Amino acid sequence: YMASQEEVDKEVGMLLEEMERLGSKNADGKLTCKFGALIRDDRCSNIFEAIVGTLRSAKKKGILTFEGQMLLSPTHDDVDIIIK
């Protein structure tokens, strides 16, 4: 099953809302959130079936950035996800 573009855009929008709830501003004034905070959050785990895929889609679109190609828990729990 491939999600439609509309579904992906909706999930990315929801992801940004959750990052605002869980994250904070960095020194550059950009919103940042730790991968582990997203993964361990009950609300996020209920909303997103495939949060890693949603993060990758948002990164490809240039909406947010993080180090590496793929994030896995617990290895990357301390990686910052930054909204551009």
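Small disclaimer: the values here were computed from a predicted structure and weren't measured. (Residues numbered from 1 in each chain as written. Predicted model: local features only at pLDDT ≥ 70, side-chain atom pairs only at ≥ 80, totals over all residues. Heavy atoms only, no water.)

(A) Focus on the pairing of strand S2 (residues 31-34). Across 2 bridges, strand S1 (residues 24-25) lies against S2 in antiparallel orientation. Within S2, the position partnered with Ser 24 by the bridge is Thr 32. Counting the residues that bridge the hairpin from S1 to S2 gives 5 residues, and of these Gly 29 lies at a positive phi of roughly 80°. Pairing analysis gives 3 bridges linking S2 to strand S4 (residues 80-83), with the strands arranged antiparallel. Note on S4: the bridge partner recorded for Lys 34 is Asp 80. (Pairing = 2+ DSSP bridges. Helix = DSSP H or I, 4+ residues; strand = E, 2+ residues; numbered from the N terminus.)

(B) Expanded view of the side chain of Thr 32. Looking at the element boundaries, Thr 32 is found in strand S2. For Thr 32, a relative accessible area of 11% translates into the label buried. Non-local contacts of Thr 32, meaning those with residues more than four positions away in its chain, are made with Gly 23, Ser 24, Lys 25, Asn 26, Asp 80, Ile 81 and Ile 82. (Buried < 20%, exposed > 50% of the residue type's maximum accessible area, 1.4 Å probe, protein only. Contact = heavy atoms within 4.5 Å.)

(C) View of the environment of Met 2. Residue placement: Met 2 occurs in the segment before helix H1 (5-22). What makes Met 2 exposed here is its relative accessible area of 76%. Separated by 67 residues in the primary sequence, Met 2 and Gln 69 have C-alpha atoms spaced 20 Å apart.

(D) Quick look at H1. If you check H1, its first and last C-alpha atoms are 26 Å apart, about what 18 residues at 1.5 Å a residue would give, namely 26 Å. Taken together, the buried positions of H1 are occupied by Val 12, Leu 15, Glu 18 and Met 19. Down the axis, H1 shows its buried residues gathered within 125° of arc, on one side only. Away from its buried face by more than 90 degrees, H1 exposes Glu 6, Lys 10, Glu 17 and Glu 20. The inward-facing, buried residues of H1 contact S2, helix H2 (35-40), helix H3 (42-47), helix H4 (51-60), strand S3 (64-65) and S4. (Expected span 1.5 Å × (residues − 1). Arc of directions from axis to C-beta.)

Fair warning: the whole summary comes from geometry, so function is off the table for now.
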